[in-house]
Amino acid sequence: MLTSSPQILFCVENEANSSYPYKGFNSRRNEVRHLAALRLVNRGFCASASPQLFRHIVAICVPLQKESPLTRLVGVSNSPYAKYVERIEVGFRLFENSGVEPLSLYLDDLAGVLPGCLDRLPNINAVELHDTPSSLPWNKKRAAVNTFATALHNGSLLNLTDLEVTLPNALEFGQILFGREESTFQILQHTLQSLRHLGLHVATDDDLYSRPDLTNTAHLFRLVELAVNVSSLTISSSIPLGYINFRSLRLLHLKYLDLKGGEASAEALYSLVEQSKESIRSVRFHKFKLNSGRWEIVLMRMSRLPRILDIDIGSCGYSNALETHRVDTLSPCPPAWPEAILSQAVNDGMALRFLLLQVNENRLAAGLSVMPESPYKCSYWGSPYVLRDIPS
């Protein structure tokens, strides 16, 4: 009976985890429920389930919680199960229109307990910080980022391989970089250079097209610039970010690239992809605009990537400055096939279709099923399918 428990755990873990490795960290609600039940079967199942159950600790503050989410983090870090913890999530969500007292108490507790918890978690390699919009005073809201940044600067996270950070605006990423001694910045630099996945997210409560942030992205891209060895990069924003520092990036090992809510030139966008042309396998562009150049150029060049196996392009187009390509009125699109490129340029649609054909050729060569081709016109083509079988 004891020999069968690892196989059962393997099935539970595969059911709960996304096969695409860098779509953000899962909440693991179903997995936790299954694993907690398995630990009650007998001692053998308890010993086998415990490493999976405690490897990912979520300590995020949300409204109406009855107990501090930090209680479990502190408890596990003081237990024999601390050695199993590999990733944690801290921060807060959904406080835009909620009372601030629970959040204020959480931030005070976080500053007090996080450093000690990290010191007692020897195998932690992945961290996610959520600092979303709230009604807290600005100086109070900085507490979570400062606590987290201190951990990055003092060496508590030297074994980090995965880092996800969500902040209310792009300018606040400077808190992670600055305000500390030069010697601690070298520790931060070493930590970022060791990353294999980096996700940076701007989560405002503004509408996507209401207030572009095209100038305050220098700090965000400085973090990306330091993470020279990442194989997966995700940058997203609920308002358009200006990717003005793209040309300075030197990322040579990318396999997965996911960009949402940005604006850049065609040349700058493709230069990022081309740097990793021998390794990149999956590219996702959503709500991304070009402020110069044409999508035709980007897509045709992407079709020459020798290992590309997955494309996911949706609601991309041109900035208002490019009147010749902008679409003022779009005809309704079939609900199952969202728009990929919002453009009236025929060549954009043809380039997108050619890229799909090349991707499918690569997938067939790799023994994978092909991505379906829409029966609708190419300028509105966009695959609703998410690839789930990219080999590592």
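Residues numbered from 1 in each chain as written. Predicted model: local features only at pLDDT ≥ 70, side-chain atom pairs only at ≥ 80, totals over all residues. Heavy atoms only, no water.

Notes on helix α9 (residues 218-226)
Looking at α9, one finds that the buried residues are Leu220, Phe221, Leu223, Val224 and Leu226. For α9, the elements touching its buried residues are α7 (174-177), α8 (182-193), β5 (197-202) and β6 (232-242). (Buried < 20%, exposed > 50% of the residue type's maximum accessible area, 1.4 Å probe, protein only. Helix = DSSP H or I, 4+ residues; strand = E, 2+ residues; numbered from the N terminus. Contact = heavy atoms within 4.5 Å.)

Structural notes on the nonpolar core
In this structure, Ile88, Phe285, Trp295 and Met302 are the most contacted members of the largest nonpolar core, which totals 91 residues. With seven residues, helix α5 (residues 101-119) is the largest single contributor of residues to this core. (Core = buried A, V, L, I, M, F, W, Y, C linked by side-chain atoms within 4.5 Å.)

Side note on the packing of aromatic side chains
This model, assessed by the stated rule, comprises five aromatic pairs. Note on Tyr81 and Tyr84: the rings are 6.2 Å apart at their centroids and 35° apart in plane angle, and the pair reads as tilted. Tyr81 gets classed as partly exposed once you look at its relative accessible area, which sits at 27%. Residue Tyr84 is classed as partly exposed on the basis of its relative accessible area, which comes to 24%. Judged by centre distance (5.0 Å) and plane angle (75°), the ring pair of Tyr243 and Phe288 falls under edge-to-face. A residue pair is termed long-range when its members are at least 10 positions apart, and Tyr243 in the loop between β6 and β7 (256-265) and Phe288 in strand β8 (residues 282-292) qualify at 45 residues. With a relative accessible area of 0%, Phe288 lands in the buried category. (Phe/Tyr/Trp six-rings, centres within 6.5 Å; stacked < 30°, edge-to-face > 60°.)

What to know about unusual backbone geometry
Phi at Lys287 takes a positive value of approximately 50°, unusual for a residue other than glycine. With respect to the helices, strands and loops of the structure, Lys287 is situated in strand β8. Judged by its relative accessible area of 35%, Lys287 is partly exposed. The backbone of Ser315 shows a phi angle near 55°, a positive value even though the residue is not glycine. You can see Ser315 is positioned in the loop between β9 (310-314) and β10 (317-318). Look at Ser315 and you get partly exposed, because its relative accessible area is 25%.

Side note on the side chain of Ser265
Within the secondary structure layout, Ser265 lies in strand β7. With a relative accessible area of 18%, Ser265 lands in the buried category. Within the structure, the side chain of Ser265 is placed 3.0 Å from the backbone nitrogen of Ala268, a separation counted as a polar contact. Not counting residues within four places of it along the chain, the set of residues in contact with Ser265 comprises Leu290, Asn291 and Ser292. (Polar contact = N/O pair within 3.5 Å; in protein donor to acceptor, adjacent residues only side chain to side chain.)

Focus: the environment of Leu269
Mapping Leu269 onto the fold places it in helix α10 (residues 266-275). Measuring from C-alpha to C-alpha, the distance between Leu269 and Trp295 comes to 9.9 Å, with 26 residues separating the pair along the chain.

Observations regarding the pairing of β6
Of all 11 residues making up β6, 10 are buried, and the element is well covered by its neighbours. Bridge analysis of β5 against β6 gives six bridges, and the strand direction is parallel. Following the sheet pairing, Leu200 is matched in β6 by Ile235. Bridge analysis of β6 against β7 gives seven bridges, and the strand direction is parallel. Paired with Leu241 across the strands is Gly262, a residue of β7. (Pairing = 2+ DSSP bridges.)

Re the pattern of salt bridges
One pass over the full model with this rule turns up five salt bridges. Between Arg222 and Glu225 there is a salt bridge, with its nearest N and O atoms 3.7 Å apart. Here Arg222 pairs with Glu225, and both are found in helix α9, just three residues apart, close to one helical turn. We classify Arg222 as partly exposed; its relative accessible area is 30%. Between Glu296 and Arg294 there is a salt bridge whose closest N-O contact spans 3.2 Å. Each of Asp258, Arg284 and Asp312 takes part in a single network of salt bridges with overlapping partners. (Salt bridge = Lys/Arg side-chain N within 4 Å of Asp/Glu carboxyl O.)

Some points on α10
In terms of burial, α10 is largely enclosed, as seven of its 10 residues are buried. The complete set of buried residues in α10 reads Ala266, Ala268, Leu269, Tyr270, Ser271, Leu272 and Val273. On its buried face, α10 is in contact with β7, β8 and α11 (295-302).

Remarks on the packing of helix α4 (residues 70-77) against α5
Put simply, α4 and α5 touch, their axes get as near as 11 Å, and they point 15° apart. On the basis of their axis angle, the class for α4 and α5 is roughly parallel. Crossing angle aside, the handedness with which α4 passes α5 is left-handed. Where α4 approaches α5, its residues Leu70, Leu73, Val74 and Ser77 are matched on the opposing element by Tyr106, Asp109, Leu110, Val113, Leu114 and Cys117. Looking at the contact of α4 with α5, its residues break down into eight nonpolar, one polar and one charged. (Axes fitted to C-alpha atoms, helices over the stretch in contact; angles between N-to-C directions. Parallel < 35°, antiparallel > 145°, perpendicular 65-115°, else oblique. Left-handed = near helix turned anticlockwise from the far one by under 90°. Nonpolar A, V, L, I, M, F, W, Y, C, P; charged D, E, K, R; others polar.)

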